[in-house]
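# Reading the structure
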Amino acid sequence: GAGGWSWAGAMAGRRRRPAGPGPPPPPGPGWRQQEDYESLPSSVALGTHMVAGAVAGIMEHTIMYPVDSVKTRMQSLQPHPRAQYRGVFQALRRMVSTEGLWRPLRGIDVTMLGAGPAHALYFACYESTKKSLSDLLQPGGNSHLANGIAGSAATLLHDAVMNPAEVVKQRLQMFNSPYTSVLGCVRTVHRTEGLGAFYRSYTTQLTMNVPFQALHFITYELVQEHLNPHRQYHPQSHIVAGAVAGAVAAAATTPLDVCKTLLNTQENTALSSLKIRGHLSGMANAFSTVYQLGGLPGFFKGVQARVIYQMPSTAIAWSVYEFFKYFLTKRALEKKT
């Protein structure tokens, strides 16, 4: 989700083919089961990836949601005096004490609504594209090019579903937000800014997710080479490698995330201080606005919150996804035998 699901396709089908460099897993006691997994009907596998992906997506976004709320506020270019925070946990404490216990969770419902279908589609698209491309490019092997193209295609679908949800979510998260409910926000934005408002940051989101994904893949593979050279199913190594990769990719793509937040929230005080009339649109405009208001440091607003959010959410996504994939596949195998 939040600037960071794209990598997740990396693990879809990880046990069917050794991923990336490094030797394939040696035949051990479980190699017979490996072969059974290979011969699963693809329809079961696709459904399995969709269900596992949807559950992982919802878990990833909801468990860490309060930190995501803080990140949105910390990326504000001209924050209200009462919404200036020194750190993530101080911000959470202040939100709860001054705005009520449930304030950090406002907008969580629209995120859950978006995350399920977005991640299910992501996995379905990733799996089918990767399979057909791999068969073309490197029959029986693991093609990095196929993985990359499949991941990018899946990102287009995922972000198309998630982008409107992000717009509504970030507006509900802002300090002194005029919106109190998801439906109210959707109606007002639609009435006053038109349908295009829900996709104003779509290109920025894609521009962010493609480098995010590349960095995530590279870092993940490097860490896996050290922790799990035989590429076996090993929850701890997936969690550690995922968390490190999530942190690196999140920190590096923060400038794009700040621009995305500005396009989604159309922060009034910031825009009016620069005498910007109407609505801000486009990547170039967002970049120059951030630079005018915050200089170079402006591009790294909320970086601490983004990394604190991304590390555990990436680890959660990996472990939940792998668990459900394993559980559903095992059940399908038992039915077959």
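Everything discussed here concerns the structure shown above.
As the structure is a computational prediction, the values presented were derived from the model and not from experiment. (Residues numbered from 1 in each chain as written. Predicted model: local features only at pLDDT ≥ 70, side-chain atom pairs only at ≥ 80, totals over all residues. Heavy atoms only, no water.)

### Quick word on the layout of surface pockets
- In this structure, the second largest pocket spans a volume of roughly 520 Å³.
- Lining the second largest pocket are 24 residues, and of these Met174, Phe175, Thr265, Glu267 and Asn268 sit closest to its centre.
- Per-element tally for the lining of the second largest pocket: the top contributor is helix α11 (residues 268-273), with four residues.
- Here the lining of the second largest pocket is built from residues that sort into eight nonpolar, 12 polar and four charged. (1 Å grid on protein atoms, 1.4 Å probe; cavity = no way out; pocket = protein on both sides within 12 Å on 5 of 7 lines; lining within 4 Å. Points joined across faces, edges and corners; volume = space filled by probe spheres on them. Helix = DSSP H or I, 4+ residues; strand = E, 2+ residues; numbered from the N terminus. Nonpolar A, V, L, I, M, F, W, Y, C, P; charged D, E, K, R; others polar.)

### Section: the packing of aromatic side chains
- Enumeration over the complete set of coordinates arrives at six aromatic pairs.
- Plain terms: the ring middles of Tyr122 and Phe123 are 5.6 Å apart, the flat faces sit at 80° to each other, and that makes the pair edge-to-face. As far as the burial class goes, Tyr122 and Phe123 line up, both buried.
- Among the aromatic residues, those joined into a ring-pair cluster are Tyr122, Phe123 and Tyr126. (Phe/Tyr/Trp six-rings, centres within 6.5 Å; stacked < 30°, edge-to-face > 60°. Buried < 20%, exposed > 50% of the residue type's maximum accessible area, 1.4 Å probe, protein only.)

### What about the pattern of salt bridges?
- Taken as a whole and judged by the stated rule, the model has 11 salt bridges.
- Linking Glu166 and Lys260 is a salt bridge whose minimum nitrogen-to-oxygen distance equals 2.7 Å. Placement of Glu166 in helix α6 (residues 144-173) and of Lys260 in helix α10 (residues 254-265) is noted, with a sequence separation of 94 residues between them. The two residues Glu166 and Lys260 agree in class, both being buried.
- Taking the shortest distance from any N to any O, the salt bridge between Arg171 and Glu193 comes out at 2.8 Å. Here Glu193 lies in helix α7 (residues 182-193) and Arg171 lies in helix α6, a separation of 22 residues in the sequence.
- On the accessibility criterion, Arg171 (4% relative accessible area) is buried.
- Through salt bridges with shared partners, a single ionic network connects Asp68, Lys71, Glu166, Lys169, Asp257, Lys260 and Arg306. (Salt bridge = Lys/Arg side-chain N within 4 Å of Asp/Glu carboxyl O.)

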